[in-house]
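# Descriptive analysis of the structure
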Amino acid sequence: MKERDEKNVLLIENNAKNIQFVAASLMPEGYTLSFAMNGEDGLTQIKEQHFDMILIDVDIPKVTAFEVVKELQTIQQNCDTPVIFLINEVSTQIIEELFAAGVVDYVSKPFVEQELLVRVKTHLHRDVHSEIFSYNIQNRMSEKVDTQIKHRFDEMIEQNKIVSSSQQEIIFTLCSLTEKRSNEKEIHVRRVADVSYLLALLVGFNDEEANLLKMASPMHDIGNLAIPDAILDKPDKLSMQEFEQVEQHTKLGYDMLKHSSDPILKVAATIALQHHEKYNGSGYPSGLKGDEIHIFARIVALADVFDTLSDDRVYGKAWTDEDIERYIEGERGQHFDPTLVDLFFKHKERFFALRSKNTLF
């Protein structure tokens, strides 16, 4: 079995597809990945904990990539952390600027997975590989400049015009991350959000709190980005080893989200970690019981199972409404919070009606 290199990597990137690519490349290799969608949030995380490496998109909004690097040098716990820029084009000017700023290397977009992994591994062990790196980076610079010298930068690439509100930012991220999944899965996360929102209101949360859950709940399975598709899409029963690997998606999702200062991502981190806990304490990853499980995670657990059973899946056909009701009632106080089950049945017509809703939120 390959030795896993447990290193903490921070990705500052505002493009959801790139976040997905980096997560799917690094997390299976054993790296703990955190991410921020702008320079301001990135600096907040850098001030709160140590990272072994920082990957920064040169076009991040709010605080620029170069401002992040400059500020990084004043933060004691991360002042020596190697920084790699992620850039769309290469020119002599940008190369000179990034190395003058103290950046150790760059990775060109669109990404090549093997190149990304080699660059990350090289600089996490740069004392061992310093001579090799010095030789390779000079050759790489020359090759890139020779082939792209005509593409001089008149200015830094214009910042991506992403929406400004946190809620819309998270929705954009979610929808982009689900593009590689089937339409069925994309509809699933939308309906989980709607069911969670309704349950939260019925429990007694105000509209602002229920909306917070609505925006965070679609990320409950974000840790699946690090689980091979061959396992996620397997039509047969999983082996014990495969099931243990699937169970890790809760912790992987939490690790991706836990360092953000954004309220939605903070809630999403808790939901990602706890949505497979069971009310009777038999769930995973921590065997939490009853009120030890965050109420938002208890809500998403019921919403997730309800919608999953309502659709055809690779591993089985959709259940009838009667079978779904029978299962949820049977899991009252076992898998599900009894209060939530009672609310579900009191308003079951409203919940079943949500299944036909295919518009985002």
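Rules behind the numbers
Residues numbered from 1 in each chain as written. Predicted model: local features only at pLDDT ≥ 70, side-chain atom pairs only at ≥ 80, totals over all residues. Heavy atoms only, no water. Phe/Tyr/Trp six-rings, centres within 6.5 Å; stacked < 30°, edge-to-face > 60°. Buried < 20%, exposed > 50% of the residue type's maximum accessible area, 1.4 Å probe, protein only. Lys NZ or Arg CZ within 6 Å of the ring centre and 35° of its normal. Helix = DSSP H or I, 4+ residues; strand = E, 2+ residues; numbered from the N terminus. Pairing = 2+ DSSP bridges. Contact = heavy atoms within 4.5 Å. Polar contact = N/O pair within 3.5 Å; in protein donor to acceptor, adjacent residues only side chain to side chain.

## Focus on the packing of aromatic side chains
- Tallied over the entire structure, the rule returns 11 aromatic pairs.
- Between Tyr327 and Phe336, the aromatic rings sit 6.5 Å apart at their centres with planes inclined by 75°, giving edge-to-face as the arrangement.
- Relative accessible area serves as the criterion here: at 28%, Tyr327 is assigned to the partly exposed category.
- The ring of Tyr197 carries Lys214 above its face, with NZ or CZ at 4.5 Å from the centroid.

## Quick word on the pairing of strand E1 (residues 8–12)
- Across the five residues of E1, four count as buried, placing the element largely inside the fold.
- By the bridge criterion, four bridges tie E1 to strand E3 (residues 53–57) in an arrangement that is parallel. Residue pairing for E3: Ile12 is matched across the bridge by Ile56.

## Thoughts on helix H2 (residues 39–48)
- Of all the positions in H2, only Gly39, Asp41, Gly42, Leu43, Gln45 and Ile46 are classed as buried.
- Those residues of H2 hidden inside the fold are in contact with E1, strand E2 (32–36), E3 and helix H3 (65–72).
- One side-chain oxygen of the residue at the start of H2 lies 3.1 Å from the amide nitrogen of Glu40, identifying that residue as Asn38.

## Some thoughts on unusual backbone geometry
- Each neighbour pair has its own omega, and for Lys109 with Pro110 the value is -5°, a cis peptide bond.
- Following the sequence through the fold, Pro110 ends up in the loop between strand E5 (105–108) and helix H5 (113–124).
- Residue Tyr284 is joined to Pro285 through a cis peptide bond whose omega torsion reads 10°.
- When you line up the elements, Pro285 lands in the loop between helix H13 (263–274) and helix H14 (295–309).

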